[in-house]
Amino acid sequence: MTKVYLAYTQAENLSCAARLLLAQALGFVPQLRAGDHGKPYLVGHPEIECNLSHTKGLVACAISEWPVGVDVEQSNRQALRIAARFFTPCERAGVQNNADAVRVWTRKEALLKRDGRGISVQLDTVETQDHPELYTWQLDEYFLSVCCSGPAPTLWWQEICGKQV
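Calculation criteria
Residues numbered from 1 in each chain as written. Predicted model: local features only at pLDDT ≥ 70, side-chain atom pairs only at ≥ 80, totals over all residues. Heavy atoms only, no water. Helix = DSSP H or I, 4+ residues; strand = E, 2+ residues; numbered from the N terminus. Rg over C-alpha atoms; globule rule 2.2 N^0.38 Å. Contact = heavy atoms within 4.5 Å. Areas by Shrake-Rupley, 256 points an atom, 1.4 Å probe, with all protein chains shown as cover. Pairing = 2+ DSSP bridges. Axes fitted to C-alpha atoms, helices over the stretch in contact; angles between N-to-C directions. 1 Å grid on protein atoms, 1.4 Å probe; cavity = no way out; pocket = protein on both sides within 12 Å on 5 of 7 lines; lining within 4 Å. Points joined across faces, edges and corners; volume = space filled by probe spheres on them. Nonpolar A, V, L, I, M, F, W, Y, C, P; charged D, E, K, R; others polar. Phe/Tyr/Trp six-rings, centres within 6.5 Å; stacked < 30°, edge-to-face > 60°. Buried < 20%, exposed > 50% of the residue type's maximum accessible area, 1.4 Å probe, protein only.

(A) A look at the overall build of the protein chain. If you tally the helices and strands in the protein chain, you get four helices and nine strands. When the helices and strands of the protein chain are read in sequence order from the N terminus, they spell out β-α-β-β-β-β-β-α-α-α-β-β-β. Compactness check: the protein chain gives a C-alpha radius of gyration of 15 Å against a globular reference of 15 Å for 165 residues, within 12% of the reference. Along the first, second and third principal axes, the C-alpha atoms of the protein chain reach 45 × 30 × 25 Å. If you take every contact in the protein chain between residues at least 6 apart in sequence, the share linking residues at least 24 apart comes to 57%. Total accessible area on the protein chain stands at roughly 8200 Å², and carbon and sulfur atoms take up 51% of it.

(B) Highlighting the sheet that holds strand E6 (residues 68-74). Spatial strand order, E6-E8-E7: three strands in an open sheet with antiparallel pairing. Lying at the two open borders of the sheet, with one neighbouring strand each, are E6 and strand E7 (134-139). Across the sheet, the mean angle separating the axes of adjacent strands is 15° when strand polarity is ignored. The pairing of E7 with strand E8 (residues 142-148) spans six bridges and is antiparallel. When the sheet's bridge partners are listed, Leu 134 is paired in E8 with Cys 147.

(C) Structural view of the layout of surface pockets. Here the largest pocket defines a volume of roughly 260 Å³. Secondary-structure elements contributing two or more residues to the lining of the largest pocket are helix H1 (14-26), strand E2 (32-34) and strand E4 (49-55). At four residues, the largest contribution of residues to the lining of the largest pocket is made by E4. For the lining of the largest pocket, the residue count by class is five nonpolar, five polar and three charged. Contributing to the lining of the second largest pocket are His 37, Gly 38, Lys 39, Pro 40, Asn 51, Trp 105, Glu 109, Leu 112, Lys 113, Gly 116, Gly 118 and Ile 119. Among the elements that line the lining of the second largest pocket, the one with the most residues is helix H4 (residues 98-115), at four residues.

(D) Focus on the packing of aromatic side chains. On inspection of all chains with the given rule, the structure shows four aromatic pairs. Look at Tyr 8 and Tyr 142: their rings are 6.3 Å apart centre to centre, the planes differ by 50°, and that puts the pair in the tilted class. Pair noted here: Tyr 8 is in strand E1 (residues 3-8) and Tyr 142 is in strand E8, with a separation of 134 residues, a long-range link. For Tyr 8, a relative accessible area of 25% translates into the label partly exposed. The class for Tyr 142 is buried, based on a relative accessible area of 4%. One aromatic cluster is present, formed by Tyr 8, Tyr 142 and Trp 157 through successive ring pairs.

(E) Structural context of unusual backbone geometry. For Asp 130, which is not a glycine, the phi torsion comes out positive at approximately 60°. The residue Asp 130 is located in the loop between H4 and E7 in this model. Residue classification places Asp 130 among the exposed positions, given a relative accessible area of 69%.

Set out below in structure tokens:
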């Protein structure tokens, strides 16, 4: 099962907030390392796959028994300019406005993070349209995308350390 934990936050250090959310979700403080292209993994827990993401106001972590990637972005992020350069022709055809571009971007990033490739590949060759392992939600003013094998991921809203930080 893939679980995605989310927390609103006003933290200055979003990476730290995402790691804190991961620790809460796991029930222990993990020792994280970065693999090739920056994908995190848990030292001493090869049976657990994880991934982190953050944007102003929201942090996310995904935990799974399968490779997993997660990305979250504000829906008002200026993304139209990246569509022409980084999207496939099929992805570009579905982009009618800025929010569409942000949605596609989160899908692309979640897929690349799941595969551990990061943005080390030519992005306009990575197709996300109709990808069977990509799930996307619009949550308030955010888009969240998760890429995973197995059953559809479940979302869990969380407070960090008993309060939203």
